[in-house]
Amino acid sequence: MVAAIFPAAGASRRMGTGSNKIFLELAGESILLRTLKTFSKSARINFLIVVVGAGEVETVTQLLRSAELKPWAVTVGGSERQYSIANGLKLLPADAETVLVHDAARPLVDLETIEKVIDAAEKFGGAIAAVPEKNTIKFVDAEGFVKSTPPRAELVAVQTPQGFQREILLRAYAQAEADNFLGTDDASLVERIGARVKVVASSYKNIKVTTPEDIAVAENFLRGENL
């Protein structure tokens, strides 16, 4: 069984709307529903867990009740993404063997990417969706001077979904809590316990909607326009 957790408890300050960006519409449908409907189309996905702010639980619950989705649950998030996902992990069905984590604000993910991440997670223990990095990246020191330039061929821009065997992800979260470690993504926690994480090729269209400009980009992608 595969369960998917969708962190969506952020303040969305960079969007500048004063409300959670997951409620904004893309081509007439909310970002949240568009994301969840894509996952619900996968025969591999069995259960959805949405993590939102305390004041949004009832709103999201009503929104999900009106949609045709796989079985789902809604819970309250924490002050950091990692704490929100930890709350979501508490709602995993007992028979969930593989866990996906996907940003609720990535509504353009495709089924192929989702299922490739599931396959790799089941085979290797952990997997992340990613694309080759197109920019030159620099390591800088505390004073803002360049220290070195890593080879671009060895760099990827990480997206979601990220997928893991249940036991590995739970162990990684338990260790992070014990060490008071706050990671930048789920894979960073899994890496700390020595587990392997496989990179799965994704699409540059799988953007995270964060700013008003991202709304325009996402709508262009939905219309099939090249950018």
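Residues numbered from 1 in each chain as written. Predicted model: local features only at pLDDT ≥ 70, side-chain atom pairs only at ≥ 80, totals over all residues. Heavy atoms only, no water.

Caption draft 1: The packing of helix α3 (residues 81–89) against helix α5 (residues 166–179), seen in detail. With their axes 11 Å apart at the nearest point, α3 and α5 run at an angle of 130° to one another. Relative to α5, the element α3 lies oblique. When the axes of α3 and α5 are compared, the crossing they make is left-handed. Contacts between α3 and α5 involve Q82, I85, A86 and L89 from the first element and L169, L170, Y173 and A176 from the second. (Axes fitted to C-alpha atoms, helices over the stretch in contact; angles between N-to-C directions. Helix = DSSP H or I, 4+ residues; strand = E, 2+ residues; numbered from the N terminus. Parallel < 35°, antiparallel > 145°, perpendicular 65-115°, else oblique. Left-handed = near helix turned anticlockwise from the far one by under 90°. Contact = heavy atoms within 4.5 Å.)

Caption draft 2: Expanded view of the pairing of strand β5 (residues 72–76). By the bridge criterion, 5 bridges tie strand β4 (residues 47–52) to β5 in an arrangement that is parallel. Within the sheet, the bridge partner assigned to L48 lies in β5 and is W72. (Pairing = 2+ DSSP bridges.)

Caption draft 3: Region of interest: a nonpolar patch on the surface. A cluster of nonpolar side chains, V156, V158 and V199, forms an exposed patch at the surface whose accessible area comes to about 200 Å². Looking at where V158 falls in the secondary structure, it is placed in strand β10 (residues 156–165). The exposure class assigned to V158 is partly exposed, which follows from its relative accessible area of 38%. (Patch = residues over 30% accessible without salt bridge, like charges linked within 9 Å, V, L, I, M, F, W, Y side chains within 5 Å. Areas by Shrake-Rupley, 256 points an atom, 1.4 Å probe, with all protein chains shown as cover. Salt bridge = Lys/Arg side-chain N within 4 Å of Asp/Glu carboxyl O. Buried < 20%, exposed > 50% of the residue type's maximum accessible area, 1.4 Å probe, protein only.)

Caption draft 4: Region of interest: the sheet that holds strand β1 (residues 2–8). One open sheet accounts for 7 strands, arranged β5-β4-β1-β6-β10-β7-β11; its pairing is mixed. Strands at the two margins of the open sheet, each flanked by one partner only, are β5 and β11 (198–201). The average undirected angle you get between the axes of adjacent strands in this sheet is 25°. Strand direction decides the pairing type here: β1 and strand β6 (residues 98–101), joined by 4 bridges, are parallel.

Caption draft 5: Just the pattern of salt bridges, in detail. This structure, assessed with the given rule, holds 8 salt bridges. Ionic pairing is found between E29 and K37, a salt bridge with its closest N-O pair at 2.5 Å. You can call K37 partly exposed: its relative accessible area is 29%. Residue D186 pairs with R81 through a salt bridge whose shortest N-O separation is 3.2 Å. In this pair, D186 sits in helix α6 (residues 186–192) while R81 sits in helix α3, placing the two residues 105 residues apart along the sequence.

Caption draft 6: Just helix α4 (residues 111–124), in detail. The end-to-end C-alpha distance of α4, which contains 14 residues, comes to 20 Å, matching closely the 20 Å that a straight helix rising 1.5 Å per residue would cover. Within the span of α4, buried status applies to T113, I114, V117, I118, A120 and A121. Buried residues along α4 sit in contact with β1, α1 (31–40), β6, β7 (126–132), β10 and β11. Taking the backbone nitrogen of E112 as reference, a side-chain oxygen 3.2 Å away marks D110 as the first, capping residue of α4. Just downstream of α4, G125 is the residue with a positive phi angle, here 105°. (Expected span 1.5 Å × (residues − 1). Polar contact = N/O pair within 3.5 Å; in protein donor to acceptor, adjacent residues only side chain to side chain.)

Caption draft 7: Representation of the side chain of S40 in the model. Mapping S40 onto the fold places it in helix α1. A residue is classified by how much of its surface remains accessible, and S40, at 14% relative accessible area, is buried. The residues touching S40, leaving out its near neighbours within four places in the chain, are L48, L69 and K70.

Caption draft 8: Spatial organisation of the nonpolar core. Counting residues in each nonpolar core, the largest one holds 29 residues, and the members touching the most others are F39, V50, L64 and L100. Mapped onto this core, the elements with two or more residues apiece are β1, α1, β4, α2 (57–65), α4 and β7. By residue number, the principal contributor to this core is α4, which donates 5 residues. Once you skip the residues sitting within four places of it in the chain, L64 turns out to touch L32, L33, L36, V50, L69, W72 and V74. Formed by 23 residues, the second largest nonpolar core is a distinct cluster that contains I5, L92, V101 and Y173. (Core = buried A, V, L, I, M, F, W, Y, C linked by side-chain atoms within 4.5 Å.)

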